[in-house]
Amino acid sequence: MTPRRRTLQTARVLAVLVVSVLAVAFAPAGGPLAATSERVVTDRYSGLALAGFDPVAYFVDGQPELGRPEYEYDHHGIVWRFRNEGNRNAFADNPGVYGPLFGGYDPVGVARGVSRPGHPEIFLVVRGRLMLFYSETARSKFLADPVGVLTDAQSHWPKVQSQLAR
């Protein structure tokens, strides 16, 4: 691993820890984070969720890893790919845990009432949920006020969700 990659990985781990502590300590009232829906961001050309990245790898490996075609799983008409059978089985047993929050839409955009697809390589795991961000700038905005962004995103999610194509 190069020094630059090690530094980036260390920064990601620290960001996840800080956000996790803040989100737990200052969790918005009203229960758990909003759930995903069947309207998940998918690649328009391949039809794959997360552009083929393994959703379980974010939790197991702490980073995005591409899934393999031989380990696909169809969940409500959306195809997910996994690196191995164990990850596929973990997702199949509990897609609500491993699927991205807000269906993979950027929580900063959702907080503004906009459905901006998140990028699978710009992410955080917060309170045990995967969040994808449209850009590094959006992730930085989230990190500046995670409680405020999550509170606003939760309140706007039903309207944003109702405007997504079925």
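As a reminder, the structure under discussion sits directly above these lines.
Residues numbered from 1 in each chain as written. Predicted model: local features only at pLDDT ≥ 70, side-chain atom pairs only at ≥ 80, totals over all residues. Heavy atoms only, no water.

Moving on: the pairing of strand E2 (residues 78-82). Strand residues, when the strand is regular, have side chains that alternate between the two faces of the sheet. Here E2 shows one buried face, formed by Ile-78, Trp-80 and Phe-82, and one open face, formed by Val-79 and Arg-81. Alignment of strand E1 (residues 68-75) against E2, held across five bridges, turns out to be antiparallel. Residue pairing for E2: Glu-72 is matched across the bridge by Arg-81. Between E1 and E2, which pair antiparallel in sequence order, lie two residues; one of them, His-76, sits at a positive phi of approximately 55 degrees. (Buried < 20%, exposed > 50% of the residue type's maximum accessible area, 1.4 Å probe, protein only. Helix = DSSP H or I, 4+ residues; strand = E, 2+ residues; numbered from the N terminus. Pairing = 2+ DSSP bridges.)

Inspection of the entire model under this criterion finds five salt bridges. Put simply, Arg-83 and Asp-61 hold a salt bridge, and the shortest N to O gap is 3.1 Å. Taken together, the residues Arg-83 in the loop between E2 and helix H3 (85-93) and Asp-61 in the loop between helix H2 (57-60) and E1 connect sequence positions 22 residues apart. You can call Arg-83 partly exposed: its relative accessible area is 29%. (Salt bridge = Lys/Arg side-chain N within 4 Å of Asp/Glu carboxyl O.)

What is shown is where atoms sit, not what they do.
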